[in-house]
Every structure is written in structure tokens, then in C-alpha cells.
Amino acid sequence: MLPCIYTGEPLLLYMFPILFIAALGCVYLHLEKKCGTKNCSESTAEEINGISLWKRPIFVKGPLGIVFWTELAFIVMFIALLVWSFAVYLKIGFSPITPQLAAKYEEQVWEAQLSLAAFRLGSLGNICLALLFFPVARGSSVLPLVGLTSEASIKYHIWLGHITMVLFTAHGLLYIIYWIAMNQLSETLKWDKIWISNVAGELSLLFGLGMWVTSFARIRRQMFELFFYTHNLYTLFLIFFVLHIGISYSFIMMPGLYLFLIDRYLRFLQSRQKVCVLSSLLLPCETLELNFSKNTGLEYSPTSIIFINVPSISKLQWHPFTITSNSNLEPETLSVVIGRGGSWSQKLYQMLSTPSSVERLEVAVEGPYGPASTHFLRHDSLVMVSGGLGITPFFSIIRELIFQSTTLGTKTPQILLICAFRNSADLTMLDFILPGYGTLIDSCPVKLQIEAYVTREKHPPMSTADKDLIRKISFKPNVLDMPISAILGPNSWLWLGVIISCSFVLFIVMLGIITRFYIYPIDHNTNMIYPLSSRAVIGMLLICGSITLTASAVVVMNKKQNANKARQNTQFIDAPSPGFHSTDRELESFPKQSFIQATNVHYGSRPDLEMILSKCEGSSIGVLVCGPRKMRHDVATICSSGLVDNLHFETISFSW
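Residues numbered from 1 in each chain as written. Predicted model: local features only at pLDDT ≥ 70, side-chain atom pairs only at ≥ 80, totals over all residues. Heavy atoms only, no water.

Threshold: UniProt positions are given in the numbering used here, feature names are shortened, and annotations may be inferred rather than shown by experiment.
The name given to the protein in an unreviewed UniProt entry is ferric-chelate reductase (NADH), with Aquilegia coerulea as the source organism. Of the comments in the UniProt record for the protein, the one headed Catalytic activity (unreviewed entry) reads "2 a Fe(II)-siderophore + NAD(+) + H(+) = 2 a Fe(III)-siderophore + NADH". Its UniProt record, at the heading Subcellular location (unreviewed entry), says of the protein: "Membrane".

1. With respect to a nonpolar patch on the surface
The condition that has to hold: What goes into a patch is any residue over 30% in relative accessible area without a salt bridge, connected to like charges within 9 Å or, for nonpolar side chains (Val, Leu, Ile, Met, Phe, Trp, Tyr), within 5 Å. Here the open area of atoms and residues is found with the Shrake-Rupley method and a 1.4 Å probe, where only the protein chains shown may cover a residue. Just to be clear on terms, a salt bridge is a Lys or Arg side-chain nitrogen sitting within 4 Å of an Asp or Glu carboxyl oxygen. Working definition: helices are DSSP H or I runs of at least four residues, strands are E runs of at least two. Numbering for both runs from the N terminus.
A grouping of L12, F16, I18, F20, I21, L24, Y28, L145 and V146 is seen on the molecular surface, where their side chains present a nonpolar patch of about 850 Å² in accessible area. Here the nonpolar patch takes seven residues from helix 1 (residues 5-35), the largest share from any one element.

2. A few points about the pattern of salt bridges
Stated precisely, the cut-off is as follows: The buried label applies to any residue whose accessible area, calculated with a 1.4 Å probe on protein chains only, is under 20% of its type's maximum; exposed applies above 50%, and partly exposed to all values in between.
The full count for this structure, using the stated rule, is twelve salt bridges. Across the salt bridge formed by R267 and E366, the nearest N and O atoms sit 3.3 Å from each other. With R267 in helix 13 (residues 254-271) and E366 in strand 9 (residues 363-369), this residue pair connects regions lying 99 residues apart in the sequence. When sorted by exposure, R267 lands in the same class as E366, which is buried.

3. Considerations on the packing of aromatic side chains
Worth spelling out the cut-off: A pair of Phe, Tyr and Trp rings is counted when the ring centres sit within 6.5 Å of each other, with Trp represented by its six-membered ring. The angle between the planes then sorts it: under 30 degrees is stacked, over 60 is edge-to-face, the rest tilted. As a reminder, the over-ring test applies to NZ of lysine and CZ of arginine, requiring each to be within 6 Å of the ring centre and within 35 degrees of the ring normal.
Enumeration over the complete set of coordinates arrives at 20 aromatic pairs. Ring centres of F251 and F507 lie 6.5 Å apart, and the angle between their planes is 75 degrees; on these two criteria the pair is classed as edge-to-face. In this pair, F251 sits in the loop between helix 12 (247-250) and helix 13 while F507 sits in helix 16 (residues 492-523), placing the two residues 256 residues apart along the sequence. Residue F251 is classed as buried on the basis of its relative accessible area, which comes to 0%. A centroid spacing of 6.5 Å and a plane angle of 90 degrees characterise the contact between Y258 and F504, whose relative ring orientation is edge-to-face. Of this pair, Y258 sits in helix 13 while F504 sits in helix 16, and the two are 246 residues apart along the sequence. Taking relative accessible area as the criterion, Y258 reaches 0% and is therefore assigned buried. Looking at F504, the relative accessible area reads 6%, which means it is buried. Taken together, the ring pairs connect F16, F20, Y258 and F504 into an aromatic cluster. The ring of Y89 has R120 sitting right over it, with the charged end atom 4.3 Å from the ring centre. Its end group placed over the ring of F517, R516 keeps NZ or CZ at 5.7 Å from the ring centre.

This is how it looks when you write it as C-alpha cells:
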């Protein structure tokens, strides 16, 4: 038992249950991965329809975007919880406030009530803050337990962020109004030794407002770099927030932050290692593919993503990209497709497309991150709707279905791929569907129909000789470059559980020792002598220290084993000489009959999605969409309209 009950009770009440669930979830996910997931093709149509009823979109357009029935139910319950909590707080808090009691503190009744309302708004903001970090912990075990990924959960982080900042802003404004009414504006400069620090709270609110203002959709899309850099103010926001309320009260929001800090430190350790880039393919549509060497033991699910950093372009910017390869069909390589969209990707394309190309591309990665399992096999057929580079997640899905059909003998659904491109040059991306670029379209084991739409050209190009050329660059990796591997090895879930549990135990032990032998002799549990801010600093340092020590020890234990496997893997990679291959011919490894030739191409039109989806046959049709916002909304509207009962909508997150 901790000597200080004011720290021990909230520590065990708020932190222990969530961290225990997270550690236990790691064991469950490890066993699930080891035993394999259930074959989703065994699901009956009734089961699928029952599940899909709650996953059907209810709102398509609006500030919240696409919202499903389940999400709407949780939104309503969460808002109701906040409103009910605030009402109960006020009812209980206002009842003892009488004119006599208010006069005792030289206040009027409404001023005392205003102060109490401001305090309770801050309490509700702390509750929202407790949930804010769960969606952004990419490698956490909590999200997979409820069938979510960090990419798909970003919208929950956005919603919670807006609610949190509304509550904290109202909390601060009401206190300022209260101080003005009481002629106590000097309270804004108060840093109390043993109680609330107003200055720290104001600084925390200012940093939070900086993040909030630049996170709105219009600013985020038009000035992404401004949003990216200002969002890193979350560290100062959190530091001053803990200094404002003290370490004990911050334990309410600490479980989510604790898991996020573990995830963030592991990502930092993984990003220190430069990875081996084997080659790059430059497409005529100003899109490129990067091929990495990977550890054969690294497995990932379709639609997974990795974060890439190229120090020669920017040492601070990390960009997510959807993995197009399949870990089963391509056990030694990992591929991503990068479109020439933003300034970062433009610089990368220009750097690789120049004649004097570099011999080695220095790259660091974080990930992969993706769903723990996929459910594509439960449908009779799949309709994949994509726009532009939104087609890239479907590459990994198709390749997974190929693996399921050829290697495991699983019955796979037939696929209708509807892809819209701006120009005919973008059609070259279809040649990336088959792994290894060496399988003929006629021998593809999956029944695949491709309908491609070129929206900005009314007729096929007169000459395709130049557009069919794909240039390849082969790199010469450094001896220190390592294949991509999981930072915690093949048993990553178990090791993550060890880090969570051991770091928490270490934190409790160190906090107990410092409290007993350093703070207690000074304060004697009176909370009237030892400064509150000093307690907060000690608590934050102990949390960071326990996570750093435990995670570093686990990573070091796995590093040697991963390095040995990586060396064995690189022995089989025959890296060709650097530079461009001949650009006057197509790559010899490309199919004789490419997907472009086997695709039904429509020029000068957009797909009539309502007509196409209404004609699809099958008891269960999975509709996957990935692309521009309007396309996702249109498909969601069709699937939720009840036009066809067997359509089951699912939006796919992608990064490029």
C-alpha cells in the first residue's frame, strides 16, 4: 500500500483496471494469432445480415461524415452520459449553496454556482481526455479487442478532441467571468504551492487551442504541415495540464496516455533503424512503388499501413502509406505505392526520377499497423470501388484472396473492381495487382472483373508507346540497413503485455519508495507542505522512466534475434547494380497479357454506381470503397437506401 492515500486510491482505481485489460488483451491476441482466426466464409447470410444491420450507414453527409448505427448509438449514449453527469453534478452541488453560505465567502449565490459549474465542466473535460488517446495508439491491444484499428478510429479521436476542447474552453471562460465578477483577475497569475495552478491551466488551454484551431478539416487539408507541426504541442498541453491539476487527479486520464506513451516510445525505437530499400518503380502517371526487404517472420494483414520517413527530404515528417504486397505471397519483400500529391511525395518523385539518381535511399519506417483479422471471405462477392490511388488497398486484398485460393484451397468470393482514374496513364497501376508481376491474367485463381473509368479523356490515347514504359531503379543498400521487422519480434503481443505490466509495477514501486522515504518525511500526508507541482513532475518522470527502462530492455532482448534473422534474409537477396534499367522496353518480368489489356476501359464518363450495385447478384455482397470523400458518401448512400438488401458497406482507410 502506498503511504499517501491521495495518490494510491486514484492510481489503483483508474489506472489498474484499464492496464490490466490491455495486458490481458495482449495474451488473447497472441493466442488468436497463434491459433489462427475462424474462417469467415462459414458465416451464414442471416448472420451477416444481422451484423450488417448495425453496420449500415445512417448519416452519410455532414460534419461527422459517414456514421454507422453502432457509432450513432455510442455517440448518443456518450453525450447522454456527459449531460446526465453535468446535471447531477449541478443538482448535488447547488443544493447546499444558500445566501448565507455564499455571503460567508463574500459571494453571491449565482457567483458560487458559476464557480461550481466551471469546475464541473473541467471534470467532464478530463473524462473525455481519458478516452482521447486510445484511438491514436497504433500498436495498442485495446482497439483490436473491439475490432478497430487506429486508422479507422481517427474519427473518434477527432470527435473526442472537439468535445474535450469545448468543455475545457468553457471551463476556462467561466472561471475568467467568475474572477471578473469577484474583482479577482489577479487569480489568473496564481501558481499555488499546494493547490490548483491557474497559470499552468491557462498555458495548457492555450496550447490546446493552438492544436484545436489548426485541426479543423479545412485548415488540415489546405495547410497539412501547419496542422502537423502544431499538433505536436500536445506534449506541452499535457505537461501543463498535469501541473494544473496534480498527478493524483490526472490518473483519471492516465491509462490511455500511458498506453500511448508505450506505443510512441516503441515507434521511436523502431524509427532509429534505417531499413533496406531494394528498388523503386516509376510509373508514367508520376506514381512510384518502393520495394523494401523484410524479415520473413513479419506478418501483416491486408490494408495494413506503414509510416515512412526520408531524412534527405525531411527529418521530422512521417507519412503513412498503404502496403500493397502480401506477407504470405511475398515473404521477403514489402511494397508501397506513393502518389505524387503533396510536396513531400513530389520531392521524392523528383529525386528518384532525375538521371543522376542516388545509389542508396535512406529510409526509416514505423509499423506495419493494420487490422488483427479480415472478414472478406464471408461474402459471396466483393465490389471494390476506388478513385485514383484509392485502389492501392485493394491490391493487398486481392493478393490475400489469391493466397487463400491457391495455398489454402479456400473458396473465395468473385470480385468486381470498379476504378476511376483521371488520365489513361493511371491505368498502369493495374499491373501491380498480381504479386511478382509474373502471373498471367488468364491463370489468375480468383474470378476478377475490372471496370476502369478514365474521366478526363474522351478517347483512348493515339499512342501508348511512351505511357507503357515503366522505369526501374535498383538501389545498393548499406551494410547497416536492415530488413523491416517487428520491433518486438514475432511474439510482439506477448512482449507488449510484458512491457505494460512490468512498467506499471516498476512505476508503483518507484512511486512508493519516493513517497515513503522522500515526500512523507516532509509532508506527513498533510498535503500542505510538499508542492503539488513537484509531485506532478516526479510522477511524470517516473512514468516516462519506467516505460523507457522496461521497453528498452525488451527491445534489446529481441534486437539480437531479429538481427540474426535479418542477416540470413539478406543473404538470399541479390541486389542488382544501382541506377536505371533500360527504359526503352517494358520490364521483362511483367505479364504478357497485362491487366490493362484485360480491363474494360470507359473513357469520358464516371461509373453509374447505383446501376452497377443494383445489378450485383449474390446473397451477400461486400461493398468496399476507398477514394475521394464524395465517392465514399455516394456509395454509402446507395447501400443505406435499402435499394438492395444484400449490400454490406465498408469504407477502407488508405494513405498514399
